[in-house]
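# Tertiary structure, described
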Amino acid sequence: MQNKRLNPFKIAQAQLDESVKKLGLAPRIHRLLRKPMREYRLTILVKMDNGRIKRFKGFRIQYNDARGPCKGGIRFHPEETIDTVRALSAWMTWKTALVDIPLGGAKGGVICNPKTMSGGELERLSRGYIRKIFKYIGPERDIPAPDVYTTPQMMAWMMDEYSKLKGYYCPGVITGKPVEIGGSLGRGDATARGGIYTVREAARHLRLNTKNATVAIQGYGNAGSYAAILSREILGCKVVAVSDTKGGIYNPDGFDPHSVLQHKKKTGSVINFPGAKSITNKDILELDVDILCPAALEYVITKQNAPKVKAKIIAELANGPTTPDADKILYNNKVFVIPDFLCNAGGVTVSYFEWVQNLSNFYWELEEVHQRLDKKMTRAFKDTLNMCLKGKVNMRVAAYMVAVSRVARAMELRGW
Ligand code: NAD
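Here's what I pulled together on the structure shown here. (Residues numbered from 1 in each chain as written. Predicted model: local features only at pLDDT ≥ 70, side-chain atom pairs only at ≥ 80, totals over all residues. Heavy atoms only, no water.)

As a further point, take the overall build of the chain. Scanning the chain from terminus to terminus reveals 14 helices and 12 strands. The C-alpha atoms of the chain give a radius of gyration of 21 Å, which matches the 22 Å a tight globule of 416 residues would have. Across its three principal directions, the C-alpha atoms of the chain cover 55 × 55 × 45 Å. A separation of at least 24 residues holds for 69% of the contacts in the chain among residues at least 6 apart in sequence. Accessible surface, the chain as shown: approximately 18000 Å² in total, 51% of it carbon and sulfur. (Helix = DSSP H or I, 4+ residues; strand = E, 2+ residues; numbered from the N terminus. Rg over C-alpha atoms; globule rule 2.2 N^0.38 Å. Contact = heavy atoms within 4.5 Å. Areas by Shrake-Rupley, 256 points an atom, 1.4 Å probe, with all protein chains shown as cover.)

On to the nonpolar core, then. Soluble globular proteins tend to bury their nonpolar side chains together. In terms of nonpolar packing, the biggest core is built from 87 residues, with Leu 33, Trp 94, Leu 98, Ile 217, Val 242, Val 260 and Ile 338 touching the most fellow members. Here this core gets 13 residues from one element, more than from any other, and that element is helix 14 (residues 395–413). Split by domain, this core shows at least three residues from each of two domains, domain 1 (35–174) and domain 2 (190–343). Beyond its immediate chain neighbours, meaning those up to four positions away, Ile 338 contacts Thr 198, Val 199, Ala 202, Ile 313, Ile 314, Ala 315, Glu 316 and Cys 343. In this structure, Tyr 40, Phe 56, Cys 112 and Met 155 belong to the second largest nonpolar core, which totals 26 residues. (Core = buried A, V, L, I, M, F, W, Y, C linked by side-chain atoms within 4.5 Å. Buried < 20%, exposed > 50% of the residue type's maximum accessible area, 1.4 Å probe, protein only. Domains from an automatic or database assignment.)

Attention now goes to the pairing of strand 4 (residues 105–111). Along strand 4, 6 of the 7 residues are buried, which leaves the element largely enclosed by surrounding structure. Across 6 bridges, strand 2 (residues 53–64) lies against strand 4 in antiparallel orientation. Looking at strand 4, one finds that Gly 58 is bridged to Val 110. Note on the crossover from strand 3 (residues 70–77) through helix 3 (residues 82–98) to strand 4: the handedness is right-handed. (Pairing = 2+ DSSP bridges. Right-handed = clockwise from strand over helix to strand, strands pointing away.)

Next up on the list: the packing of aromatic side chains. Following the criterion strictly, the structure yields 10 aromatic pairs and no others. Taking 6.0 Å as the distance between ring centres and 75 degrees as the angle between the ring planes, the aromatic pair formed by Tyr 63 and Trp 94 counts as edge-to-face. Taken together, the positions of Tyr 63 in strand 2 and Trp 94 in helix 3 put the pair 31 residues apart, joining distant regions of the chain. As far as the burial class goes, Tyr 63 and Trp 94 line up, both buried. For the ring pair Phe 341 and Tyr 400, a centre distance of 4.9 Å and an interplane angle of 75 degrees mean the geometry is edge-to-face. You can see Phe 341 sitting in helix 11 (residues 340–343) and its partner Tyr 400 sitting in helix 14, a full 59 residues away along the chain. (Phe/Tyr/Trp six-rings, centres within 6.5 Å; stacked < 30°, edge-to-face > 60°.)

Turning our attention to the packing of helix 12 (residues 346–360) against helix 13 (residues 366–391). One can describe the packing of helix 12 onto helix 13 by two numbers: an axis separation of 10 Å at closest approach and a directional angle of 130 degrees. One way to sum up the angle between helix 12 and helix 13 is to call them oblique. Once helix 12 is placed against helix 13, the crossing between them reads as right-handed. Counted together, Gly 346, Thr 349, Val 350 and Phe 353 of helix 12 and Val 369, Arg 372, Leu 373, Lys 376 and Met 377 of helix 13 form the full contact between these two elements. Among the residues making up the contact of helix 12 with helix 13, the classes are represented as 5 nonpolar, 2 polar and 2 charged. (Axes fitted to C-alpha atoms, helices over the stretch in contact; angles between N-to-C directions. Parallel < 35°, antiparallel > 145°, perpendicular 65-115°, else oblique. Left-handed = near helix turned anticlockwise from the far one by under 90°. Nonpolar A, V, L, I, M, F, W, Y, C, P; charged D, E, K, R; others polar.)

Residue placement: Ser 225 occurs in helix 7 (residues 222–235). Judged by its relative accessible area of 6%, Ser 225 falls in the buried class. Polar contacts involving the side chain of Ser 225 include one to the main-chain carbonyl oxygen of Gly 221, which spans 2.6 Å. Setting aside residues up to four positions removed in sequence, Ser 225 forms contacts with Tyr 220 and Leu 261. (Polar contact = N/O pair within 3.5 Å; in protein donor to acceptor, adjacent residues only side chain to side chain.)

Here we take up a nonpolar patch on the surface. On the surface, Val 179, Leu 185 and Leu 366 cluster together into a nonpolar patch covering about 230 Å² of accessible area. By relative accessible area, Val 179 is classed as partly exposed at 45%. (Patch = residues over 30% accessible without salt bridge, like charges linked within 9 Å, V, L, I, M, F, W, Y side chains within 5 Å. Salt bridge = Lys/Arg side-chain N within 4 Å of Asp/Glu carboxyl O.)

In the Ramachandran plot, Asp 100 falls in the positive-phi region, its phi being about 55 degrees despite a non-glycine side chain. Note that Asp 100 resides in the loop between helix 3 and strand 4. Phi at Tyr 149 is positive, roughly 60 degrees, even though this residue is not glycine. Relative to the elements of secondary structure, Tyr 149 occurs in the loop between strand 5 (142–146) and helix 5 (152–166).

The next subject is the site of the ligand. Close to the ligand lie 19 residues; Thr 191, Tyr 220, Asn 222, Ala 223 and Asn 319 are nearest. Between Tyr 220 and the ligand, the recorded distance is 3.0 Å, taken from a backbone N or O atom to an oxygen atom. In the model, an oxygen atom of the ligand is placed 2.9 Å from a nitrogen or oxygen of the Asn 222 main chain. Isolated, the ligand exposes 830 Å² of accessible area, and the fraction of that covered by the protein chains is 73%. For the shell around the ligand, the class distribution of residues is 7 nonpolar, 9 polar and 3 charged. (Near = heavy atom within 4 Å.)

A few words now on the side chain of Asn 64. In this structure, Asn 64 sits in strand 2. Classification of Asn 64 by relative accessible area gives buried; the value is 3%. A distance of 2.8 Å separates a polar atom in the side chain of Asn 64 from the backbone nitrogen of Ala 66.

Attention shifts here to the sheet that holds strand 3. Taken together, 5 strands build an open sheet; the order of strands is 1-2-4-3-5 and the sheet is mixed. Either end of the sheet is taken by a strand with one partner, and the two such strands are strand 1 (38–47) and strand 5. Strand-to-strand, the axes of this sheet are offset by a mean angle of 25 degrees, without reference to chain direction.

Taking strand neighbours across the sheet as the criterion, the 7 strands line up as 9-8-7-6-10-11-12 in an open arrangement whose pairing is mixed. Since the sheet does not close on itself, it has two edges, and those belong to strand 9 (277–279) and strand 12 (336–338), each with one partner. In this sheet, neighbouring strand axes are inclined to one another by 20 degrees on average, regardless of whether the strands run parallel or antiparallel. Where strand 10 (residues 291–294) meets strand 11 (residues 313–315), 2 bridges bridge the pair, whose relative direction is parallel. Its bridge partner being in strand 11, Leu 292 is matched across the sheet by Ile 314.

Take a look at the structure:
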């Protein structure tokens, strides 16, 4: 999960430093913003199906709660590291501030390989994780959610464990739950939908007609497959290339994203989709398309391939797909980048809506979720674009400047 050469937390700190310099913030505030507020290291003991007890290492990091209770997902991954969790908790802080929801940033993780664990083992690990952090989370304190390799079912177990310890039903402690137990309508495609709203705004700014604009998407999981479906449904785009771990497919006439999804469900991959040519994961990033959407991994656009990117818009649905060197090249080449913590903020925004619905015990129609999400994403995009044009900085630095100034202002007002 952590690239050997690049430490994600160092990158997060460098990005923060640059925006702090541009904003001219006080060194005292800068120091507080550079490090997490609280870090919990956990050992979770789980009885495995063979009767043996296994120890798992876990983390929960609460980066900053100046603007409200902490918010961020829990990852179950064999290569989880504390620096990845730190970086992601910082990015959550900037993300919630950028979309202007009254929450702070956090992240959690457990070093484990869920693919080799049974349902029962995963349930005991999920419940064990909550027992370890029970005292430090809660609807008014820190609200976890699903992330890499954690699912709505695991959120249901975690919410149940927390509620048992509290002695009453507490749906507001965790988001990303199944709809039947307090999940929000519209959470499933929220990340991609939010990203597509920002692509619409970017196209408007660039005067690019999205009708039949060509799209290439790396990754065909939750974010990537919905991005394909919604770019066609909402913007009238033509999805010409998609990929997953096994490789990619290309058809200049475009695909039906639903049929590609059916094919992937049936065969386990997008490859060998009827009528499509194969393409590598490297080539997909360099295709001559209008919109490129990395929706899989971090660090895929680097200084090596950035000069070859031909897309006019890069919509970063994945977290951290572009290295800092590549960013500079893309900016100089006038590629319009919608940075990750703006582009993929739709998920946390609908998570926030879920929490609001849980606290008020009143549930919204799907249409209301979509309308409110559109408003939040469009506002965040416009705030970022204004900062980008005013400060003559790229969209990523602009997004940092908007977000960091909001967190810093909250800290100052609170007298930190
Ligand atoms: P997912 O597991 O559902 O899908 C990931 C996809 O990427 C799969 O299709 C997989 O085959 C593909 N993939 C993995 N390695 C690849 C490789 N080397 N080359 C090409 N494809 C590869 O995950 P997701 O939820 O869609 O998340 C994707 C990205 O979006 C991650 O960076 C995640 O952090 C980010 N993100 C997701 C959400 C969300 O709500 N799902 C929210 C914010 C950010």
